[in-house]
Amino acid sequence: GGKNPTYVTASADIDTAAAGMARSAFGLQGQKCSAGSVVFVHDAIREEFLAALKGKAAAIRIGDPCERDVFMGPVISSAARQRLERAVAAARAAKAEVTGGRVLSGGLFDRGDYVEPTIVTGLPDDHALHRDELFLPFLTVRGFSSLDDAIARGNAVPYGLTAGVY
């Protein structure tokens, strides 16, 4: 596994990139070695991409993974849920904007560790959440103006498995 960066360039199709990023980051609850966990977005399209990505994340159906239209089931354990809670708290402590990231409760949600997909923007560039693998539905967003610089920043982690470009 690893941080698995994705790069969304200024010429990207916003809807395609947002849909692909949501599938990569939140499919299988982000608990796969190839999950995208950091996305670098060109400054020229950042706001439009974020709006599309947040819309895709909000539309994800969370529930019993045996149901055909459910995209996210529970995370693997209470330890994973607690790791998400700590990551969300760390992002908020850094004054970042956190979208999602709540632990769900009530009905089916009381029978597992169900969480919302989490999108974090505005973290300091050197924050640990950009580089530490969490194995959760947790995505950090970073801006860029130079793709070469963004690639260098994406490679400045101790491990990685995949990458994507839109």
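The shown structure was predicted, so the numbers you read here are calculated from the model rather than taken from an experiment.

Q: Go over the packing of aromatic side chains with me, naming the residues and quoting the values.
A: Enumeration according to the criterion identifies two aromatic pairs in this entry. A ring pair is formed by Tyr7 and Phe40, whose centres lie 5.2 Å apart and whose planes are at 15 degrees; its orientation type is stacked. Residue Tyr7 is found in strand β1 (residues 5-8), and its partner Phe40 is found in strand β2 (residues 38-42); the two are separated by 33 residues along the sequence. One exposure class covers both Tyr7 and Phe40, and it is buried.

Q: Can you tell me about the sheet that holds β1, naming the residues and giving the values?
A: Here six strands make up an open sheet; going across it, the order is β3-β4-β5-β2-β1-β6 and the pairing mixed. Whereas interior strands pair on both sides, the edge strands pair on one side only; in this sheet they are β3 (97-100) and β6 (164-165). Sheet topology note: the strand β4 (residues 118-121)/strand β5 (residues 138-144) ladder contains four bridges and is parallel. Opposite Thr121, over in β5, you have Val141 as the bridge partner. Packed onto the sheet, helix α1 (residues 14-26) meets β1, β2, β4 and β5 and runs at close to 140 degrees relative to β5. Across the sheet, helix α3 (residues 78-93) is in contact with β3, β4 and β5; its angle to β3 comes to roughly 145 degrees.

Q: Which residues make up unusual backbone geometry, and what values go with them?
A: Trans is the common state for peptide bonds, and a negative phi is the common state for residues other than glycine. Although it is not a glycine, Asn4 adopts a positive phi angle of roughly 45 degrees. When you line up the elements, Asn4 lands in the segment before β1. The buried category is assigned to Asn4, whose relative accessible area is 2%. The phi dihedral of Leu28 is positive, around 55 degrees, even though this residue is not glycine.

About the cut-offs
- Residues numbered from 1 in each chain as written.
- Predicted model: local features only at pLDDT ≥ 70, side-chain atom pairs only at ≥ 80, totals over all residues.
- Heavy atoms only, no water.
- Phe/Tyr/Trp six-rings, centres within 6.5 Å; stacked < 30°, edge-to-face > 60°.
- Helix = DSSP H or I, 4+ residues; strand = E, 2+ residues; numbered from the N terminus.
- Buried < 20%, exposed > 50% of the residue type's maximum accessible area, 1.4 Å probe, protein only.
- Pairing = 2+ DSSP bridges.
- Contact = heavy atoms within 4.5 Å.
- Axes fitted to C-alpha atoms, helices over the stretch in contact; angles between N-to-C directions.

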